[in-house]
Amino acid sequence: MTCRGNALTVGRECHGYIVRKIIPFKEIHGVVYEFEHLATGARHLHVAVEDQENCFAVGFKTIPRDSTGVAHILEHTILCGSKKYPVRDPFFSMIRRSLNSFMNAFTASDWTMYPFASPNRKDFYNLMDVYLDAVFFPVLSELSFKQEGHRLDTAGGGDDDNKVLSYQGVVYNEMKGAMSSPDQVLSHALLEHLYPDTTYHFNSGGDPGVIPSLSHEQLVAFHRRHYHPSNAFFYTYGDIPAADHLEYISRRVLDGVGRIDPGTEVPSQPRWQAPRQAACAYAISEDEEDIDRKHQVCVAWLTSDIRDSFTVLALLVLEEVLLGNPASPLYKALIDSGMGSSLSDGTGFSADIRDTMFACGLKDVKKEDAPAVEALIIKTLAGLADNGIDRDLVDAAVHQIEFHRKEITNSPYPYGLKLFLSLASGWFHGAPPEEMINIDPDIKRLYDEMAAGPFLENMIRTCFLDNPHRVTLTLSPDTELAERENRQVAETLEKTRQALSEADMKKIEEDNALLLRLQEAEEDLSVLPTLELSDIPPEVARIREQAGPPSVVCFPQPTSGIFYFSAAAGTAELPEDLTLLAPFFCAALPRMGTKKRDYLEVARFIDRYTGGIGLSAQSHTRYTPAGECVAYVSFTGKCLERNQERLFEIIRELFCEFDFSNLERLRQLLMEYRASLESAVVHNGHRLAMSLASRNFSPASALSEQWYGVRQLQYIKAITADLNETALAAIATDLRRAAVALLRQGNLRTGLTGDDPMLGPAVSFAESLAAALPEAAGSDAFAPPVIAPPADIPLEGWSTATAVSFVASVFNTIRLGHPDAPALAVIARLLKSSFLHREIREKGGAYGGYALYNSEDGQFCFASYRDPHIVNTLEVYRRAAAFIQEDNFSDEEIKESILQVCSDIDRPLTPAEKGLRAFQRKLMALSDDQRQSFKEGVLAVTKARVVAAARACFPGDTRQYGIAVISDKDKLEAANHELVPPLALNKI
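Let us look at the structure shown here. (Residues numbered from 1 in each chain as written. Predicted model: local features only at pLDDT ≥ 70, side-chain atom pairs only at ≥ 80, totals over all residues. Heavy atoms only, no water.)

### A look at the overall build of the protein
Note the following rule: Going along the chain from the N terminus, every DSSP run of H or I of four or more residues is numbered as a helix, and every run of E of two or more is numbered as a strand. Here the globule rule reads 2.2 Å times residues to the power 0.38, and the radius of gyration is calculated from C-alpha atoms. Under the scheme applied here, a residue whose accessible area is under 20% of the maximum for its type counts as buried, over 50% as exposed, and between as partly exposed, the area being computed with a 1.4 Å probe on protein chains only. When checking whether two residues touch, look at their non-hydrogen atoms; a contact exists if any pair is within 4.5 Å. Positive: Lys, Arg. Negative: Asp, Glu. His and the chain ends are not part of the count. Think of each charge as sitting on NZ of Lys, CZ of Arg, CG of Asp or CD of Glu.
A tally of regular secondary structure across the protein gives 34 helices and 29 strands. Relative to the globule expectation of 30 Å for 988 residues, the C-alpha radius of gyration of the protein, 28 Å, shows essentially globular dimensions. The C-alpha extent of the protein, read off along each of the three principal axes, is 80 × 65 × 65 Å. Sorting the 988 residues of the protein into buried and exposed places 59% on the buried side. The long-range share in the protein, meaning contacts at least 24 apart out of those at least 6 apart in sequence, stands at 81%. Taking the 98 positively charged and 134 negatively charged side chains of the protein as two groups, their mean positions are separated by 2 Å.

Below is the structure:
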């Protein structure tokens, strides 16, 4: 059936679908088509746009009725083989055989989604074929369920009486790690207590205490009902015609299938007549400082139906008005109270479930202050309702919404998938897509309502003050919680063991042996589609640049009317005693105020006229033969073209008229910064472990650990231990010293990205900015900083409150430019896909195992994430060297690894990202010719080259590996009974 281009009109049939709606999407010069499959009722949104990075997703409403994690475990098990592709792990195998720019799967509170993106049409349909077969025709074997979900495992002595049972499983360990994080505990508790009568009451990811009660039969039944086409929502985006997608999907999965009622509608939560109180606990180490101030208090309201697009928009505006920046009245009131360090986890408006939620609160408070926090929130909202909201706050909020709607970014997902994630929850629950895509009528209505009366003030009354469906949740630290939970699990397992017969124990061991054989079995993956090396573009993408005045470079890019500013200030002149302060300086400069405006006025100015201003401390190794360290403070800013002058005005003010004299504001920022570092430990444990393990291998690594590793957290803890006025004054003086050292003439290199017409004025603004900086004598501030890493190689364990471990091992090797560098990049992908995935994830039950080659510093890293093991994982890393040196892989696996490396090299970038990356490469002396040479080297890698590089570059002496493990104290001490030499134990 021909139904292309202009032939797609409303009411037209196309490959078994009917066109329901056609929606212009002017911001991206695209058109959105909504289709419905006539036989099954499957829905499909297609965004037609001139973008080669085509995206696909299929989602299902998955409605848990318990906390077994059935939807989450099904998401994992779905990807373990299907009817057409009956291999053990087609999903991870396709990552190796593809040029995808994104592949993953998500489980949310009430839906599960399988998205991918690829810039290659052949690859796109290869991936679609595998995804469609996986979700609609999965094998769902019991062994895969045991691997991905949960299983009983045995360890201990020889006879059955000495066997010790344990729970294993990827999702089981993943959720143990997730529920070790206070923010995850609080977020789930809010849903549990605010929605006690609907599906949101349950933990859709799975409660580790409940997961083991899920049976394989229940999993299969859940798939049968929830993964029917009648419950499916398809999405495509890009320049491949919609008709091609419809024909393919219809032929592969929909033809001949009838319609059912999947019963996945989510009812609205019955409203309460009075507010409620709730409490929950999270695990914390007994060594943690000031535990009595480690509570969180959060007040949450059930607000509008997600299908009410206008009210949702108004609540998004209110979120920005109340909480969007430090000048926002509710944000300011909470922080100024001094009762806590920063806004609580879960703060903000959540518009991704049937009944939306608004929450706010404080972290690092005393338990007895919970009523005062609640009272302060209510008092602040009542004051706004009575006295009115500043119109400038509303205009700034609407500007932020419109700016981020207009901006095309690929962070953290490709733009096409980000777009779908912004639409998915509403669409799944019946919200018309045109109302979510075209918000201009709702914005106009908002301003009309405001002109007619105190609209937003009345919304505060309706949604908050007069809304009894409210819960005040107190999250409390508990130093004994982890021990109690471990003891409870041990007791449950012991009762289970006592109830098992000898035959039962034998069956458990036989099943685990079968699983092990399955995991180790060689598979014929030729059944899976693949790309060939000939499908890889031979050239790297080169970014056109346009020289400006000295120290300014322009990158003309089609940015759709948004201008991007990038700059760098070298840190070589930064006094040594201020080195550790650099990251906080970056956090504080745009949030402290200036000599012209206080911090509230600065925050309002930034929100009103820009899309954001950011600073960060950067430490890199130059791509020169000497490999010098280059360290600098990076500045970024963005705005609509009409606001260029305003952007440079505020940047100039921050650079030339900085002011750190407000000591109370400085105290607030320090405590907020400390809280953010503390909360990141469990989420980023693998990165912190890699940083610790590699910190002594190069000056850049040493500096990076000081700026973004455990050393930074320890430093901030130390300087915030007693923030009296004298201490704050000393920090303010140090910040001024840092600003004087960094923000001077001759120490600013600038990159400007945007449409051609906006670059001319931007160059003039940039020249004026540089000329306004104070003159100062000094050497090249981009010269290598004076930093000499210690000679010792780390062998360490770092304890914190976590139910799982993060294990890293790093060794020093060659850098980009060496003939073996391309082979090492391929080796990293080969080890991750063909060895670590099997040994650490499938066998070990960790969420992830990684191998990374850093060509910049010349380091090779191993890491695991949410890992139940320490000793076994370190042994896997040791065996990895033998695996790669002994030729235990095929030519096909080499080809797949080359595809993965090239997929990273050729990953599509937005116009803004192209400019920023090109600017960063200039700072690091990485030329396009070097990049091209490296890519050619990757494409020329062979099996023989891999073996030779592995034998030449992998150390034979394990003492040359830096090792760092982040875990809880008991696990580290237990590991040390087996490790020779043992880990030196430290406390985070």
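Now that the structure has been shown, we can carry on.
### Considerations on helix H5 (residues 170-178)
Across the nine residues that make up H5, a large majority, eight, are buried. Within the sequence span of H5, burial applies to Val-170, Val-171, Tyr-172, Asn-173, Glu-174, Met-175, Gly-177 and Ala-178.

### Some details on unusual backbone geometry
Each neighbour pair has its own omega, and for Ser-411 with Pro-412 the value is 0°, a cis peptide bond. In this structure, Pro-412 sits in the loop between helix H12 (391-406) and helix H13 (415-428). The step from Val-980 to Pro-981 runs through a cis peptide bond, and the omega angle for that step is -5°. Among the secondary structure elements, Pro-981 is positioned in the loop between helix H34 (969-976) and strand E29 (984-987). Even without a glycine there, the phi angle at His-29 is positive, about 55°. Within the fold, His-29 resides in the loop between strand E2 (17-25) and strand E3 (30-37). His-29 sits in the exposed class, given a relative accessible area of 68%. The backbone of Leu-140 shows a phi angle near 55°, a positive value even though the residue is not glycine.

### Description of the pattern of salt bridges
Rule in force here: For salt bridges, the criterion is a side-chain nitrogen of Lys or Arg within 4 Å of an Asp or Glu carboxyl oxygen.
Under the defined criterion, the tally for this structure stands at 68 salt bridges. The salt bridge involving Glu-896 is made with Arg-96; its shortest N-O contact spans 3.0 Å. Here Glu-896 is found in helix H30 (residues 891-905), whereas its partner Arg-96 is found in helix H2 (residues 90-96), with 800 residues between them in sequence. Salt bridges sharing common partners tie together Arg-96, Arg-97, Glu-532, Glu-892, Lys-895 and Glu-896.

### As for the sheet that holds strand E18 (residues 546-547)
Put simply, the test is: Any two strands between which DSSP finds at least two bridges are classified as paired. Lines are fitted to the C-alpha atoms to define the axes, a helix being fitted only along its stretch in contact, and any angle between axes, read from their N-to-C directions, falls within 0 to 180 degrees.
If you trace the six strands from one edge of the open sheet to the other, you get E18-E19-E23-E20-E22-E21, paired in mixed fashion. Edge positions in the sheet fall to E18 and strand E21 (612-621), since each of these pairs with one other strand and no more. Relative to strand E22 (residues 629-640), strand E20 (residues 562-570) runs antiparallel, the two being bridged by nine bridges. Bridging across to E22, Ala-567 finds its partner in Phe-635. Sitting on the sheet, helix H31 (residues 911-923) is in contact with strand E19 (552-556), E20, E22 and strand E23 (749-754), with an inclination near 160° to E23.

### Describing the environment of Asn-662
Going by this rule: Under the rule applied, a polar contact is a pair of N or O atoms within 3.5 Å (in protein, one hydrogen donor and one hydrogen acceptor; residues adjacent in sequence only if both atoms are side-chain atoms).
Mapped onto the secondary structure, Asn-662 falls in the loop between helix H21 (644-656) and helix H22 (663-683). In this structure, Asn-662 is in contact with Met-592 and Tyr-599, ignoring residues within four places of it in sequence. A distance of 3.3 Å separates the side chain of Asn-662 from the backbone nitrogen of Glu-664, its partner in a polar contact.

### Re the packing of aromatic side chains
The following threshold applies: Only Phe, Tyr and Trp rings are paired, with Trp represented by its six-membered ring, and only when their centres lie within 6.5 Å; those with planes under 30 degrees apart are stacked, over 60 edge-to-face, the remainder tilted. We call a charge positioned above a ring when the Lys NZ or Arg CZ atom is no farther than 6 Å from the ring centre and deviates by at most 35 degrees from the ring normal.
With the rule as written, the count across this model stands at 48 aromatic pairs. One residue, Arg-665, lies across the ring of Tyr-599, its end atom 4.1 Å from the ring centre. Over the ring of Phe-889 we find Lys-943, and its NZ or CZ is 6.0 Å from the ring centre.

### Concerning the pairing of E22
Buried residues dominate E22, accounting for ten of its twelve residues. Pairing between E21 and E22: ten bridges, direction antiparallel. By the bridge assignment for E22, Thr-621 is matched with Cys-629.

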